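Residue-level listing of the chains:
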Amino acid sequence: LLKQKANSPKESLSTCQTYAKKKHPLKAGNSQEVPAVNGNGHVVKAKSTNKMDNGSAKDNPPLAKPKSKKVAMDKNLNGTKSDGKGCKEKKKNGNILKENGDIKHKRRKAEERAEQQPKEAEIWFDDVDPKDIEAAIGPEAAKIARRNLGLETGQSNQSVEQVLVKEKASEGLTRAVAMDCEMVGVGPKGEDSIVARVSIVNQFGKCIYDKYVKPTEEVTDYRTAVSGIRPENINTGEDFRTVQKEVADILNGRILVGHALRNDLKVLFLDHPQKKIRDTQKYKPFRQRVKNARPSLKLLCERLLNVQVQTSEHCSIQDAQAAMRLYTLEKKKWEAAVKNKSNNKNCK
């Protein structure tokens, strides 16, 4: 068809070029190899060129080498760059949050240290003195054992008052109060006891009542080495009847905490509902832990609170604080046991 229409080689070439453009149009900005015709009518190849937007032609530049990953700075969506040290910056609500690349490393180290410590599940025995556990296994095991027993840990660096009294707490009356009395001896050999001092603290260990009591009989043994009472303390003390009434008013309707409370109530000639008495000497879990049927307050504080009390002359304030601290140590379990016991009685 082309041969029939073409009158000359130039016309034939023009027709071919037009047909090629229709079949394969050129892309913008680039030129394809277009056959050229010399004077003899022969077709020669032309060099390809790249045309820029301004129409000028340049040789193809060599391909750029890819940048090294270590050198390249990756850009994130907000245009910030990573610092190449494992830290990335992310934009969230306009704030840039940094995630340290060593977080995983620190977490792994912490897990490794935790695996080296004794697990709580392995320290299962509850009838062994934590001091024996510490000697046999180590301090961490003893700490776990004390925690499982509900005992205080890490108190050795604190003073007795810091352990027994809650700082910045209420100094008023609370639902539970602890009482302790100091006594002196009367009678021929000083074997009988009368009250010489009464101290009451609230649930936080704050003293809310403390009075010396004028003796109602002749004192034959002040028991100073234990009671801390001296003649000058009680000779100017409060009248017994006044103290008795004031104490009764405080205890009315409240939970009474103490150690061997039967003796304290006896010298005051007072009574208190049994369901509202919390005696640390009679609390069964305490007796089981220290393996003593009638543990002293000093023993309970040493074993359960890790503090020393009654090291010299006794102080009724400190003894009441110690009893209260023992009670609060076990308060939830103790009150739950009392409630269950009451419910069982009502069911019967």
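No experiment lies behind these values; they were computed from the predicted model shown.

Asker: Explanation requested: the side chain of Gln244 in the structure shown.
Answerer: Residue position: Gln244 is located in helix H9 (residues 240–251). For Gln244, a relative accessible area of 14% translates into the label buried. If near-sequence neighbours (up to four positions away) are discounted, Gln244 is found in contact with Leu268, Phe269 and Leu270.

Asker: What should I look at first to understand the packing of helix H13 (residues 316–329) against helix H14 (residues 331–347) in this one?
Answerer: Between two packed helices, the angle of one axis relative to the other and the distance separating the axes together describe the packing. Across the interface, H13 lies against H14 with an axial gap of 5 Å and an inter-helix angle of 75°. Taken as axis vectors, H13 and H14 run roughly perpendicular relative to one another. Across the interface between the two elements, Tyr327, Thr328 and Leu329 of H13 pack against Lys331, Trp334 and Glu335 of H14.

Asker: Would you explain the packing of helix H12 (residues 297–305) against H13 in this entry?
Answerer: It is at 11 Å that the axes of H12 and H13 come closest, and there the two elements cross at 45°. One element, H12, and the other, H13, form an angle in the oblique class. Judged by the sense of rotation from one axis to the other, the crossing of H12 with H13 is left-handed. Facing Leu297, Leu300, Cys301, Leu304 and Leu305 of H12, the residues of H13 in contact are Asp319, Ala322, Ala323, Arg325, Leu326 and Leu329. Classifying every residue of the contact of H12 with H13 gives 9 nonpolar, no polar and 2 charged.

Asker: It is not clear to me how the packing of aromatic side chains should be interpreted in this structure. Could you clarify?
Answerer: The description of two aromatic rings rests on the distance between their centres and on the angle between their planes. One pass over the structure, following the stated rule, counts 5 aromatic pairs. An angle of 80° between the planes, with centres 4.8 Å apart, marks the rings of Tyr283 and Phe286 as edge-to-face. The exposure classification of Tyr283 matches that of Phe286, with both residues buried. Arranged with centres 3.9 Å apart and planes meeting at 15°, the rings of Tyr283 and Trp334 form a pair that is stacked. With a gap of 51 residues between them, Tyr283 in the loop between strand S12 (277–279) and helix H11 (284–290) and Trp334 in helix H14 connect regions that are remote in the sequence. The burial state of Tyr283 is the same as that of Trp334; both residues are buried. Members of the aromatic cluster, connected to one another through ring pairs, are Tyr283, Phe286, Tyr327 and Trp334.

Asker: For this particular structure, what's the right way to read unusual backbone geometry?
Answerer: Even without being a glycine, Lys168 presents a positive backbone phi close to 55°. Structurally, Lys168 is set in the loop between helix H6 (160–164) and strand S7 (176–186).

Asker: Would you explain the nonpolar core in this entry?
Answerer: Note on soluble globular proteins: their nonpolar side chains tend to be buried together. Grouped together as the largest cluster of nonpolar side chains are 28 residues, with contacts concentrated most on Cys301 and Leu326. Looking at this core, the elements that each hand over two or more residues are H6, S7, strand S11 (255–258), H11, H12 and H13. By residue number, the principal contributor to this core is H13, which donates 8 residues. Leu326 has contacts with Thr280, Phe286, Leu297, Leu300, Cys301, Leu304 and Leu305, leaving out every residue within four places of it along the chain. The next biggest cluster of nonpolar side chains, apart from the first, holds 21 residues, and it includes Val213, Val243, Leu261 and Leu265.

Asker: Would you explain a positive patch on the surface in this entry?
Answerer: Taken together, the side chains of Arg262, Lys266, Lys282 and Arg294 present a region of like positive charge at the surface. By relative accessible area, Arg262 is classed as exposed at 57%.

Asker: Can you walk me through the pairing of strand S9 (residues 207–212) in this structure?
Answerer: Note on strand geometry: in a regular strand, side chains alternate between the two faces of the sheet. Bridging between strand S8 (residues 192–201) and S9 involves 5 bridges; their strand directions are antiparallel. Note on S9: the bridge partner recorded for Val201 is Cys207.

Asker: What should I look at first to understand the pairing of S11 in this one?
Answerer: Here S11 shows no split at all, with Ile255 and Val257 on one side and Leu256 and Gly258 on the other all buried. Strand direction decides the pairing type here: S7 and S11, joined by 3 bridges, are parallel. Within S11, the position partnered with Ala178 by the bridge is Val257.

Asker: Is there a simple way to think about H12 in this case?
Answerer: A turn of α-helix holds 3.6 residues, and therefore any two residues three or four places apart point the same way. For H12, every residue scored as buried is listed here: Leu297, Leu299, Leu300, Cys301, Leu304 and Leu305. Residues of H12 that are buried sit in contact with H6, H11 and H13. At the exit of H12 stands Asn306, carrying a positive phi of roughly 60°.

Asker: Help me understand the confidence of the model for the protein, please; the structure alone is not making it clear to me.
Answerer: Close inspection of predicted coordinates is inappropriate in any region flagged by low pLDDT. Mean pLDDT for the protein: 74, with 55% of residues reaching 70 or above. The low-confidence segment residues 152–156, where pLDDT is below 50, has 12 contacts with residues more than four positions distant or belonging to other chains.

Criteria and cut-off values
Residues numbered from 1 in each chain as written. Predicted model: local features only at pLDDT ≥ 70, side-chain atom pairs only at ≥ 80, totals over all residues. Heavy atoms only, no water. Helix = DSSP H or I, 4+ residues; strand = E, 2+ residues; numbered from the N terminus. Buried < 20%, exposed > 50% of the residue type's maximum accessible area, 1.4 Å probe, protein only. Contact = heavy atoms within 4.5 Å. Axes fitted to C-alpha atoms, helices over the stretch in contact; angles between N-to-C directions. Parallel < 35°, antiparallel > 145°, perpendicular 65-115°, else oblique. Left-handed = near helix turned anticlockwise from the far one by under 90°. Nonpolar A, V, L, I, M, F, W, Y, C, P; charged D, E, K, R; others polar. Phe/Tyr/Trp six-rings, centres within 6.5 Å; stacked < 30°, edge-to-face > 60°. Core = buried A, V, L, I, M, F, W, Y, C linked by side-chain atoms within 4.5 Å. Patch = residues over 30% accessible without salt bridge, like charges linked within 9 Å, V, L, I, M, F, W, Y side chains within 5 Å. Areas by Shrake-Rupley, 256 points an atom, 1.4 Å probe, with all protein chains shown as cover. Salt bridge = Lys/Arg side-chain N within 4 Å of Asp/Glu carboxyl O. Lys, Arg positive; Asp, Glu negative; His and termini not counted. Charge placed at Lys NZ, Arg CZ, Asp CG, Glu CD. Pairing = 2+ DSSP bridges. pLDDT = per-residue confidence, 0-100.

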